[in-house]
Structure formats: structure tokens, C-alpha cells
Amino acid sequence: MNNILIWSATSGANLELSDQLKQMIEAQSESVEIINLESLDLPLYTPPAEKNGIPDKAIELTTKLKAAKGLVVVAPEYNGGVPPVVNNALAWMSRSGDEDWRAGFTGKNALVATNSGGPAFKYQRIMRLQLEHLGMEVMTRTIATNSFTPLKAPSAEKILSRFIEFTKIESKLVYN
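This one's a predicted model, so the numbers in the text were calculated from it and none came from an experiment.

Draft legend 1. Molecular detail of the packing of aromatic side chains. What the rule picks out here adds up to one aromatic pair. Measuring from ring centre to ring centre gives 4.9 Å for Tyr45 and Trp92, while their planes differ by 85 degrees; the resulting arrangement is edge-to-face. Placement of the pair is Tyr45 in the loop between helix H2 (37–40) and helix H3 (47–50) and Trp92 in helix H5 (residues 84–94), with a sequence separation of 47 residues. With a relative accessible area of 1%, Trp92 lands in the buried category.

Below is the structure:
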């Protein structure tokens, strides 16, 4: 079982950032797995598409998140919001057939990260709201890079260290 999952929304700069974060997490003796949401190639979620059955990859994504202790979502700002591939994965997970699909989110810790063309403030804000809506406890600090602002390793290591520390504390919050 991986303690930490990293979702990368793209196969480019965000996957590179995901790889860097993975190395930093592993340096702190934590197991971690990167899931490239883009490479899952999930069909677009629609009610008619659901009639063809839930894709195995969506069920596997739900199972992996339920087993993890924390989630890092690495994505660019996309037209002022969250990339469609992230929303699509969440839509399929919510319809995965698992009545307890929210267990992958409820009371677990999340960290938002980005490599985008700019500061990606809107993506960070929206992603935080969405993860909180699903029941996650989202770290206040984020990791943001772009072509003008490369990853600051010492800062990222501190943020990841705190994130890992929080994943080891069992949530005392109760969600209905």
C-alpha cells in the first residue's frame, strides 16, 4: 500500500513536478505512487456512458485512494479552473459503484500543487474547495511553479514534511 498518492493531470510539466515531489516524499521514507490521470484515458463521464459500465480504471483509482493516507493533486490552471481530466476522474469515482467511495476522501489530507503558465491562483482555490467538499483536509500551503518560478526544493521539502506529518495523525473529524 502506498501512503501517498500523487495525481498528475498532465504528462508534461505537471508530471515532471510530480516526479520531483515523489523523490522528496521518498527521501522522507514514505511510499508514494504517481497516477497520471491523462494516461488513464477515462471516457468522458455522462449518464449514458455510465450505462456501458464503470471503467475498471475508475474503480482502481477509487480503491487506491481509499487505501492511501494522503493525496497530492498536481495540475495546471485550465481556463481559470481545474483541468477537465481531474473533474472527469472525480465524476467517475463518485459513480464507481462503491457505496463508500467517499472513504477515499473523508478525513484524509490533501495537498494542492501546480505547474502552470502563471500563478494558478484560481485553480488552487477551486481545487481546495472541491477537495474540502469531498471531505478532505487540505493543507493551507501549496506548491506552485511555472516557467519563471522553478521549484524551491527547501520550501517544498518543508511543505511535504508537514503534509506527511499530518497524514500520520488520524482525523478526529466526523463527517455525515
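Let us keep going from here.
Draft legend 2. Structural context of helix H6 (residues 121–133). Along its 13 residues, H6 runs 18 Å from first to last C-alpha, staying within 8% of the 18 Å computed at 1.5 Å per residue. Of all the positions in H6, only Tyr123, Gln124, Met127, Arg128 and Leu131 are classed as buried. For H6, the angular spread of the buried residues around the axis is 130 degrees, confining them to a single face. The exposed residues of H6 that point more than 90 degrees off its buried face are Phe121, Arg125, Leu129 and His133.

Draft legend 3. View of the pattern of salt bridges. Tallied over the entire structure, the rule returns seven salt bridges. Two residues, Lys22 and Glu26, come together in a salt bridge whose shortest N-O distance is 3.2 Å. Of this pair, Lys22 and Glu26 are both found in helix H1 (residues 13–26), four residues apart, which corresponds to roughly one turn of the helix. Measuring nitrogen to oxygen at the nearest pair gives 3.1 Å for the salt bridge that ties Glu50 to Arg95. Of this pair, Glu50 sits in helix H3 while Arg95 sits in the loop between H5 and strand S4 (109–115); the two residues are 45 residues apart in sequence, bridging distant segments of the chain. Connected via shared salt-bridge partners are Glu33, Glu60 and Lys64.

About the thresholds
- Residues numbered from 1 in each chain as written.
- Predicted model: local features only at pLDDT ≥ 70, side-chain atom pairs only at ≥ 80, totals over all residues.
- Heavy atoms only, no water.
- Phe/Tyr/Trp six-rings, centres within 6.5 Å; stacked < 30°, edge-to-face > 60°.
- Helix = DSSP H or I, 4+ residues; strand = E, 2+ residues; numbered from the N terminus.
- Buried < 20%, exposed > 50% of the residue type's maximum accessible area, 1.4 Å probe, protein only.
- Expected span 1.5 Å × (residues − 1).
- Arc of directions from axis to C-beta.
- Salt bridge = Lys/Arg side-chain N within 4 Å of Asp/Glu carboxyl O.

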